[in-house]
Amino acid sequence: MPQSTAAEVPLIALDGVGKWYGAYHALKNISLRVRKGEKIVLCGPSGSGKSTLIRCINHLEDIQEGKITVEGTTLTDSGHAIDAVRREVGMVFQSFNLFPHKTIMENCTLAPMRVKGLSKPESEEIARKYLARVRILDQADKYPAQLSGGQQQRAAIARALCMEPKAMLFDEPTSALDPEMVKEVLDTMIGLARDGMTMICVTHEMGFARQVADRVVFMASGEVIEEGPPETFFQAPRHERTRAFLGEILAHH
Amino acid sequence: MASIGPNELFFLAQGLKWTLALTLIGFVGGGIFGLIVALARTAESAALRRVTTGYIAVFQGTPLLMQLFVVYYGVALIGLNIDAWLAVAIAFTLHASAFLGEIWRGGIQAVPKGQTEAAKALGLHYVSTMKDVVLPQAFKISLPATIGFLVQLIKGTSLAAIVGFVELSRAGQIVSNQTFRPLTVFAIVGLAYFLICWPLSLWGARTERRLQTATR
């Protein structure tokens, strides 16, 4: 574990973040610091704001209060800051969101070509590297609909990696998958974690949290209720709501 | 009774030429401005959306015949001396862009929101998001309605006769009056329209099938 970097400036920092949807207070005074190489698992009941939170980090949602800084860039409404942040942060969605009219290879090369201005051969070389890493290089010329759910999600991970981001956001990456495909996606994520990627994962996979997370953050009703390393989080949760949540979720696993 | 000879057929062919020219104007002008209308209709700016909504409401809510009149005589009224041909071209472009704009607006909005989000998360800008991700999918969704409208537009060009254009229908009427053979003449005219519209419908159906299998 890269503990030596602990004293450095965090890669992602949230300070007193607040968000409203009209009158609904979705995020309440959230502060979170993520060091380079750190793996955070965000969990909590549905509607607790965990997905909203990570969607704020790459400005898919805007915030009304507080401040979000990624790699020294503070997110504002300026297109420049948003571009800079999105360049550093990759995202994987629950429903994959692959582009259905493009092959897996084209899905992977689009952003490197359009955003970074790389040539086609250059971006294809990068794509082959990451498609091999998620073990679907042999599917590169197929369209997303020809792949299984697990393969599609791994393709989506490869697509995000092709931008060579410093951090990855995972928004319930296995929730839309058939049970037999969850493992292949989790294994891919574990591999990524081993290679030192900074990750924030919204997930209900507590086995994954135990194995990979440096910290588990529990949210409910738009607030961070408690956070800690997985050992203490699972063995000795301090809050009643955490205990209730863990009781429910672990009963199913 | 006069018979339908080479002269009459040549006259009809002249009419057909104008019909094709008007159709081309409607397709190209309507396509370009329709795309702008569709993008403005789905823009983030509320003002842009409101203006284009009004534009579409006006052109969908009034007959094409009236639009031709208004542009043809209206342009003259404000003191601009333009060719009748240009006036009709403007009217067809306005008409087609309102309808195509609304059809494509529907297509754009039918593309799942996750597609735009994935494009944004990858750092793509508006132009690339639209050109590479949203519009190809929106085009596929709107293809049947688009072809349907274009076929209507081809037949709608006959209305240009009202401002003095001798296009295919008007040419047919003239020939019919001279030869007293309305059935034969209008059978020929009808066949000409059919031979323009039918391949377009076929092409639409084939493209639709091709796009469908590509993503399946």
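Computed from a prediction, not measured in an experiment: that's the story for all the values here.

Quick notes on the rules
- Residues numbered from 1 in each chain as written.
- Chains lettered and ligands numbered in written order.
- Predicted model: local features only at pLDDT ≥ 70, side-chain atom pairs only at ≥ 80, totals over all residues.
- Heavy atoms only, no water.
- Pairing = 2+ DSSP bridges.
- Helix = DSSP H or I, 4+ residues; strand = E, 2+ residues; numbered from the N terminus.
- Axes fitted to C-alpha atoms, helices over the stretch in contact; angles between N-to-C directions.
- Contact = heavy atoms within 4.5 Å.
- Core = buried A, V, L, I, M, F, W, Y, C linked by side-chain atoms within 4.5 Å.
- Buried < 20%, exposed > 50% of the residue type's maximum accessible area, 1.4 Å probe, protein only.
- UniProt positions renumbered as here; feature names shortened; annotations may be inferred.
- Buried area = accessible area lost by both parts, 1.4 Å probe.
- Salt bridge = Lys/Arg side-chain N within 4 Å of Asp/Glu carboxyl O.
- Polar contact = N/O pair within 3.5 Å; in protein donor to acceptor, adjacent residues only side chain to side chain.

Visitor: What is the right way to look at the sheet that holds strand β9 (residues 215–220) of chain A in this model?
Guide: Hydrogen bonds along the backbone pair up the strands of a sheet, which may run parallel or antiparallel. Residue and element names in this part refer to chain A. One open sheet accounts for six strands, arranged β6-β7-β8-β3-β9-β10; its pairing is mixed. Both outer strands of the open sheet, β6 (89–92) and β10 (223–228), are each paired with one neighbouring strand and no more. If you compare each strand with its neighbour and ignore which way they point, the axes differ by 20 degrees on average. Relative to β9, strand β3 (residues 39–43) runs parallel, the two sharing four bridges. In the sheet register, Cys43 faces β9, and the bridge partner there is Phe218. Packed on one face of the sheet, helix α1 (residues 50–57) meets β3, β6, β7 (167–171), β8 (198–202) and β9 and runs near 150 degrees to β7. Contacting β6 and β7, helix α2 (residues 79–88) runs over the sheet at an angle of about 65 degrees to β6.

Visitor: Just to check I follow, could you spell out the nonpolar core for this structure?
Guide: Nonpolar side chains in soluble globular proteins tend to end up buried together. Of all hydrophobic cores here, the largest spans 80 residues; its most connected members are Ile12, Leu14 and Ile200 of chain A. With eleven residues, helix α6 (residues 126–156) of chain B is the single largest residue contributor to this core. Residues in contact with Ile12 of chain A, not counting those within four places in the same chain, are Leu32, Arg33, Val34, Ile57, Thr69, Val70, Ala167 and Ile200 of chain A. Counting residues in hydrophobic clusters, the runner-up holds 51 residues, among them Ile104, Met189, Ile190 and Phe234 of chain A.

Visitor: Can you walk me through the UniProt feature "transmembrane region" (unreviewed entry) in chain B in this structure?
Guide: All names here are of chain B. Residues annotated by UniProt as "transmembrane region" (unreviewed entry) correspond here to residues 20–40, 52–78, 84–104, 141–163 and 183–203. The span residues 52–78 is 89% helix and 0% strand, and its two end C-alpha atoms sit 24 Å from each other. Between the C-alpha atoms that bound residues 84–104 the distance is 30 Å, and the span itself is 100% helix and 0% strand.

Visitor: How should the interface of chain B and chain A be read in this particular structure?
Guide: On the chain A side, the residues contacting the 20 residues of chain B number 24 residues. Across the interface of chain B and chain A, roughly 1900 Å² is buried in total on both sides, 61% from carbon and sulfur atoms. For the pair chain B and chain A, the number of links is two salt bridges. As a salt-bridge pair, Glu117 of chain B and Arg55 of chain A come within 2.6 Å of each other at their nearest N and O atoms. In this structure, the connection of chain B to chain A is made through six residue pairs in polar contact (both at pLDDT 80 or more).

Visitor: Please clarify how the side chain of Glu117 of chain B should be interpreted in this entry.
Guide: By the secondary structure assignment, Glu117 of chain B is in helix α5 (residues 113–121). Polar contacts involving the side chain of Glu117 of chain B include one to the side chain of Arg55 of chain A, which spans 2.6 Å. When near neighbours in sequence (up to four residues on either side) are disregarded, Glu117 of chain B contacts Arg55, Leu60 and Phe93 of chain A.

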